[in-house]
Structures are given as C-alpha cells and as structure tokens.
Amino acid sequence: MKVTMIGVSGCGKTAYMAALGQVLAGGGGHPSCFSILPNQGCNYQNENGTDIEEEIDNISEMLLQVGDFENIIAPLQSYQWPDPTTQTTLWAFEVQHNNATVAYFDWIDYRGGVLNDLFQRKMREQEIKEFLAHVIASNAVIIMADSFRITHYSNINEAQVNCGARIINKLFQVYNKAFPERELIYLIVLTKTDVLEEKWKSNSYKALLERAKQVFLPLIQISATNRKWVGGMLPVSAVGDNTVKRTVQQLDNHRNIITTKDEIIAFPTPCNVEHVLFFTLGHTLRQMKTFGNEKIDRFNQEINYLMSHSNYLQRIFAFLTNKQDLQSIIEELRKERDQDLAVLRQFETHIECLLDIAMQKIRKVDEI
Amino acid sequence: MIYYDVLFSRTLSRDYRWLVIPDGCSDSDLELLKKLFNLYDNSKKMFWNSLTLPFYCINTLYWSYLIQCNKTPYTDQHGRPTFGLYGIAVSYRFRRHFWLYLPVLLRYLKTINPWECYDYYDMDDHSKFTSEIHELDMKCCDNDISTFLPSDSTFPTLESIRFNVEGSESIVKLLSNPEIGLCNIAFGASVDMVKDFNFSIAVLASDTSQNCTNIAIDRLKQSVPDHGEIENETDIQHKSPAKKHRKESILDRFDPVLQESTYKKTKDQHTSQSLFMRAIKAIF
C-alpha cells in the first residue's frame, strides 16, 4: 500500500511521523492491537538480496532518503524536535494486528518545497511527472497543514497562502480535471493543534474545523461533487496539549511574516496521530474488499459458464485434440477463487474495526 | 581566472533550493551537487563537533566546483536551523588555473560567508540569482602558493591525513604536490558519498576517524580529463540503475492502484483471465 503525504515546509510532517512511530512502533501496545513494524531498508528487496539502498535510489530520482523511525523518535522523547528533512523521504513499515502482518506500507513524505515548485515552473518536467505519478499511484493522500497558520491570519486568502492550501487546492483541481473517474482517499490533517488558543479547540475543535473548511473550500467542493472521492479532516498534535511553549515574532509588519519557535516542555503525548493511519488503511481495505468481491463474482460467472458447457463430448474432444479438459480448468478456477476468498476473509475483519476507531476523531468533510 | 558563486540553501519561508548559480550551469551538474548536499545532510551529525569544515572538489564536463557544506547563521520561519552548500564554480576554460591555484582557493573558501553578498531575507522573495562574475588576481596567488609548499619538498601522504584542523593544512599541502593532477576530492566524506561519487581522494569523516582509511585511487594524475575527452558525462557521476523488485503482499491481488501502477508485476500465466480464455478455446 502506498500513501503520499504532502504539505508545505515546516507544517510538521516529520514530527508527525515521529509521533506515529512513538504511538504504534514504540512497543507500548496500542489498545486496538494494531502496531507498526518499521522495515529495515524498505518494502523493496533486491532479487539477490543485496544493496537495498541502491534499489531505493532507483524507485525514483526524488526518493533520496529512507526514513528511520529510531532517528526521529529518540529526539522527540528527549524533548527535542526531530531534524527537519530536506529531501523526499520513504517511510516503509508493516502494519500488524496482534503481531500478524496486515499490510506493507510505503509512506512517502514529500519535501515541502515540492508544492511551491510545482506551480512556479521550477521543477523539471520529469520531476513534475514523477510527483503526479506518485499521487496517482497512491492508495491515499495525506494533506498536512499547520493549524496555527490556518487560524492566525484573519484574511482567508492570506491563510491559504501561508498554510499551503492555495497550492494544494490547485493541485487537486488539476488532478480532478485530469482523472475525473479515479477514486481518491484523502485526509486533511491539521497539525500543531497544541499551540492553538482554547477558542479554536473547544467543542471538539469546531471552530478550527470550520476555519479549515473555508481554507480548503475548493478541494472540499470537488469532493462534494465527485462521488469517487472520500475525504476527512482531523486535528492532530505530535506532542499533545500543554507540552509546547511557543514564541511568536512578527518579523516584517508590512508583509505580515511571522517566525515561531517551539520548545517541548513536557514528555510528548501525541494526540490523534494513529487515526490517520487507521483511516487510510480502513478505507483502502474497504476499496480492496469491493475490488475482491467483484473479482470473486467474475470467477463464479466464469465457472458457471464453463460448467454449462462441460459434457462428455467436450472431454472426448479435449482428449483427441490434446487440450486441457474443462473440468480441470474449472477446478483451477475454483482453487484461485478459494484462495482469493481466504485472503478476503482474512483482512475484511479489520475494516470496520479500523474505521470505527478512526471515525471517532475524524470528521467527514461534508459533515463539517 | 574567472569564477562564480554557487549557493544551495533554504530561506525564511521557502524550502531548500538553488539560490545562486552561474549562468550556463547544467541541470545535471546541479542535480549532482544537490545529491552531494543530500548526502551531507544525511550524515551532518558527524560534522557537528568538528572544528573544521568539509570541502569537496567536483569536476564535471564543463565546470569545476569547489564547495563547502555547513550550517548557516539563520533559522527558518519555524525556528529550525538551516544548512547550505556554497562555494565557487569555474568554467572548464580555467580548469588548469583552477587546479594550480586550488590551495589558495581553499584558503579563500574558508573565509567565504555567502550571506554577506546575498541578503537572507531578501532572497525569500526571489527564486534564483545568477552569480556575479569574480576575478581572481593570479599575481597575488603566485605569492601565496609558495607558502603551502613544504620546506623540505616532501609532501604529506593521504594515509596520514585525518579530518581535523591539522588534516585541513595537510591536504592543502598534498594538493600542492605537482604529482597530483585534477581529480575529484572530498575532505570530510561519508561512506555513502564515497559509494556514490567518484572521488580520487577522499578523507573520511567518521565518528571513529582515528581508525578510518582514506581512499586514493591509483591513478591520481589527470583522473578527470579535459573538456572533450569525456565521452559521456555520466561516466564520472552516476551509477547505472538496477532492477527493482517489490515485496509481495497477499493484499496485492486486490489493490486496484497496484494493478495500474508502475509496480505492476508480470502476472503468472495462470490468471483467471488466461484460464478462462483457454477454456473458451477448448469449447470452440
């Protein structure tokens, strides 16, 4: 499974990954019994089992770095922010349920600058193509936006520019125009809620969600008309409430540029981070279930059709012409269908469980 | 000798990008330098406690680059430290001068603060600057260069050079050796840099630098030919791509995205489709 995470530089993508690692890969045991197991290297392996790093380089020119959860979890737990990533990073992990593998994840964290470059013709054509190819080839897209920047500016347009929503809206308008029939699972993740004033957080983040809806309105409008899109919105914090001391400085009054400095003052207790994974996994599995059921229906139709044509005459004909007889082909089809059914039964049990947990915190965009 | 500035870094609100480049610098060169910066970025913790800065000399088809990677004096909009790659670029026309005056240029490189010439805050609004043209006074260089030559005419050996302050003096003396020709050099290289770049001289910067072995390829003389002698620029830059193979998951069979994406693997001959078609052929 492949998830693409996008957001402007500094919106909290790396801190989010560190928090996700702390919650699900820390060995603490999540109540849902789901956990993640970071893969050493990644979900790709060389045919002869060597030089995995070289393979990674060749997945894409843009994927220059393989993320290591340990490198980012350790600083967070020492009250320090993880180093910002300057490159597009691949986080590869396995999702497990009671220690049994549910799915392999390739979680691609795009460098923040990619969004600015995309519509300013600073990217080479090849890079733009690769970026769009990654979005298209993803089971889900995670859109990260700094909730402080969403709420700080009174002017909506200014907030859109500063939190990256303007470019993200534009990107999805292009996407919808180019691929109107394609299914899309997306989640708008509102980061850094730990530094928000109480008025934005009260009543289950009602004010923040309404504000974010205004900021991402063009995207949400597309989603409302395109039935193939499934979207949600979720406020998260990588460190939890009352753990951050923020200093804000107005740098240039004319351009309204602010600089911020955040200090972690208590042990991080991430908030809502696992729901992002559960949402994407739950919806993707649901999509797969539909796909799997259709596949099994096709098998059944084919088997029924062949059975109606299977008779002694056909067997004799097959014997004389040295061809495989229908009965054995039907048996093979049945075997494949039963294999698919077994896999389907294995993962479909997780779907409702994952979505139940996710939707306790996530708001569907059309319900805000 | 004419040279230009190069600077790759981030500004207040905008991500890492090329800020200053010479006019005529190719995309492949910029990609190569960016790759070097990314490798520095991956291993930058090695340099934090060091009193000396790493430098790299990279020669491509049309340009020679002498660059450093370091932390900048600024933080970004989110209060995070920023890093940069900066240095000078010299056209192939001045390659021989570049090599001759490299020891002087290295001394000069240590004193460069790119942010003195380019305003950090001003650059936030601009996408890319074309470098100003600088001219090196060679007469002054001739006087300077004699100071690097060892008095007893013996030059340091690469094995004796460590990534530290003394090492930075020694490598300058080593490069003054007329026996050494134009080549790619890394003073402060990570293992990944050595793997990915064709360095003829590489002084490793590792946590256990006392035990590390530096790398010198036998043919130090003219290991990078002059312009016109290189048939394919990528020969000195990149490794050839290898095939990739994805781990299979049992869920892959139901992944609609995977069915269409580039990860799609060649399906086994006995898919339901081919089975069904074989059956149809058997009937008719």
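Q: For this particular structure, what's the right way to read the overall build of chain A?
A: Across its full length, chain A holds 13 helices and eleven strands. For chain A, the proportion of its 368 residues judged to be buried stands at 55%. Of the contacts made within chain A by residues no fewer than 6 positions apart, 75% connect residues no fewer than 24 positions apart. In the form shown here, chain A has an accessible surface area of approximately 16,200 Å², with 48% of it arising from carbon and sulfur atoms.

Q: Quick question: what am I supposed to make of the pattern of salt bridges here?
A: Side chains bearing opposite charge may pair, as long as their charged atoms lie close to each other. Residues and elements named next belong to chain A. On inspection of all chains with the given rule, the structure shows 17 salt bridges over all chains. A salt bridge links Lys289 to Glu348, with the shortest nitrogen-to-oxygen separation between them at 3.7 Å. Pair noted here: Lys289 is in helix H11 (residues 273-309) and Glu348 is in helix H13 (residues 326-358), with a separation of 59 residues, a long-range link. Among the residues examined, Lys289 registers a relative accessible area of 29% and is labelled partly exposed. For Glu348, the salt bridge goes to Arg345, with nearest N and O atoms at 3.0 Å.

Q: What is the right way to look at the nonpolar core in this model?
A: In terms of nonpolar packing, the biggest core is built from 102 residues, with A:Trp107 and A:Phe216 touching the most fellow members. Take this core: its biggest share by element is nine residues, from H11(A). If we ignore the near neighbours within four places in the chain, the residues touching A:Trp107 are A:Val3, A:Met5, A:Tyr16, A:Met17, A:Thr89, A:Leu90, A:Trp91, A:Phe93, A:Ile142, A:Val276, A:Leu277 and A:Thr280. Counting 72 residues, the second largest nonpolar core, distinct from the first, contains B:Leu19, B:Leu32, B:Phe37 and B:Ile185.

Q: Help me understand unusual backbone geometry, please; the structure alone is not making it clear to me.
A: Trans peptide bonds make up most of the peptide bonds, and negative phi angles are found at most residues other than glycine. Residue and element names in this part refer to chain A. The residue Cys33 is not glycine, and still its phi comes out positive at about 70 degrees. Using a relative accessible area of 36% as the deciding quantity, one classes Cys33 as partly exposed. Backbone geometry at Asn99 places phi at a positive 70 degrees, although glycine is not the residue there. Structurally, the position occupied by Asn99 is in the loop between strand E4 (88-97) and strand E5 (100-109).

Q: Would you mind going over the packing of helix H3 (residues 102-111) of chain B against helix H7 (residues 165-175) of chain B with me for this structure?
A: Residues and elements named next belong to chain B. Put simply, H3 and H7 touch, their axes get as near as 8 Å, and they point 150 degrees apart. When the interaxial angle is binned, H3 and H7 end up roughly antiparallel. Residues Leu102, Pro103, Leu106 and Lys110 of H3 lie in contact with H7, whose contacting residues are Ser168, Glu169, Val172 and Leu175. Looking at the contact of H3 with H7 residue by residue, the classes come out as five nonpolar, one polar and two charged.

Q: For this particular structure, what's the right way to read the confidence of the model for chain A?
A: Low pLDDT means the predicted coordinates in that region are not meant to be read closely. With 88% of its residues at a pLDDT of at least 70, chain A reaches an overall mean of 85. Confidence scores differ between elements of chain A, with helix H2 (residues 52-59) of chain A showing the lowest mean pLDDT of 44 and strand E7 (residues 184-191) of chain A the highest of 96.

Q: Teacher, can you tell me more about the environment of B:Ser28 here?
A: Tracing the sequence through the fold places B:Ser28 in helix H1 (residues 27-42). Between the C-alpha atoms of B:Ser28 and B:Thr60, which are 32 residues apart in sequence, the distance is 9.3 Å.

Q: What is the right way to look at the packing of helix H1 (residues 13-24) of chain A against helix H3 (residues 69-77) of chain A in this model?
A: Angle between the axes and distance between the axes are the two parameters that describe a pair of packed helices. Residue and element names in this part refer to chain A. Running from N to C, H1 and H3 point in directions that differ by 90 degrees, and their axes come no closer than 8 Å. When the axis of H1 is compared with that of H3, the two are roughly perpendicular. Contact residues: H1 offers Thr14, Met17, Ala18, Ala19, Gly21 and Gln22, while H3 offers Phe69, Ile72, Ile73, Leu76 and Gln77. Looking at the contact of H1 with H3, its residues break down into seven nonpolar, four polar and no charged.

Q: Quick question: what am I supposed to make of a nonpolar patch on the surface here?
A: A contiguous nonpolar surface patch, about 570 Å² in accessible area, is contributed by A:Tyr312, A:Ile316, A:Phe319 and A:Leu320. Structurally, the position occupied by A:Leu320 is in helix H12 (residues 312-320).

Q: Quick question: what am I supposed to make of helix H8 (residues 165-178) of chain A here?
A: Each full turn of the α-helix corresponds to 3.6 residues, which orients residues three or four apart in the same direction. Between the first and last C-alpha of H8(A) there are 20 Å, a value that for 14 residues agrees with the 20 Å anticipated at 1.5 Å per step. Taken residue by residue, H8(A) has A:Ala165, A:Ile167, A:Ile168, A:Asn169, A:Leu171, A:Phe172 and A:Tyr175 as its buried positions.

Q: Teacher, can you tell me more about the packing of aromatic side chains here?
A: What characterises a pair of aromatic rings is the spacing of the ring centres plus the angle enclosed by the ring planes. Scanning the entire structure with this criterion turns up 29 aromatic pairs over all chains. For the pair A:Tyr16 and A:Trp107, a centre-to-centre distance of 6.4 Å together with 25 degrees between the ring planes defines the contact as stacked. You can see A:Tyr16 sitting in helix H1 and its partner A:Trp107 sitting in strand E5, a full 91 residues away along the chain. One exposure class covers both A:Tyr16 and A:Trp107, and it is buried. Seen from their ring centres, A:Tyr186 and A:Trp229 are 6.1 Å apart, and the 75 degrees between their planes marks the pair as edge-to-face. With A:Tyr186 in strand E7 and A:Trp229 in strand E8 (residues 229-235), this residue pair connects regions lying 43 residues apart in the sequence. Judged by its relative accessible area of 5%, A:Trp229 is buried. Here the aromatic cluster, defined as three or more aromatic residues joined through ring pairs, consists of B:Phe8, B:Tyr16, B:Trp18, B:Phe37, B:Tyr40, B:Phe47, B:Phe55, B:Phe163 and B:Phe187. Residue placement shows A:Arg182 over the ring face of A:Phe179; its charged tip is 5.3 Å from the ring centre. The cationic tip of A:Arg246 hangs over the ring face of A:Phe148; the distance from NZ or CZ to the ring centre is 4.4 Å.

Q: Can you help me understand the environment of A:Ile168 in this one?
A: Residue and element names in this part refer to chain A. With respect to the secondary-structure elements, Ile168 resides in helix H8. Assessed through its relative accessible area of 0%, Ile168 is described here as buried. The sequence separation of Ile168 and Ile329 amounts to 161 residues, and the corresponding C-alpha distance is 50 Å. Sequence-distant contacts of Ile168, defined by excluding residues within four places in its chain, comprise Leu115, Ile143, Met144 and Phe216.

Scoring rules and cut-offs
- Residues numbered from 1 in each chain as written.
- Chains lettered and ligands numbered in written order.
- Predicted model: local features only at pLDDT ≥ 70, side-chain atom pairs only at ≥ 80, totals over all residues.
- Heavy atoms only, no water.
- Helix = DSSP H or I, 4+ residues; strand = E, 2+ residues; numbered from the N terminus.
- Buried < 20%, exposed > 50% of the residue type's maximum accessible area, 1.4 Å probe, protein only.
- Contact = heavy atoms within 4.5 Å.
- Areas by Shrake-Rupley, 256 points an atom, 1.4 Å probe, with all protein chains shown as cover.
- Salt bridge = Lys/Arg side-chain N within 4 Å of Asp/Glu carboxyl O.
- Core = buried A, V, L, I, M, F, W, Y, C linked by side-chain atoms within 4.5 Å.
- Axes fitted to C-alpha atoms, helices over the stretch in contact; angles between N-to-C directions.
- Parallel < 35°, antiparallel > 145°, perpendicular 65-115°, else oblique.
- Nonpolar A, V, L, I, M, F, W, Y, C, P; charged D, E, K, R; others polar.
- pLDDT = per-residue confidence, 0-100.
- Patch = residues over 30% accessible without salt bridge, like charges linked within 9 Å, V, L, I, M, F, W, Y side chains within 5 Å.
- Expected span 1.5 Å × (residues − 1).
- Phe/Tyr/Trp six-rings, centres within 6.5 Å; stacked < 30°, edge-to-face > 60°.
- Lys NZ or Arg CZ within 6 Å of the ring centre and 35° of its normal.

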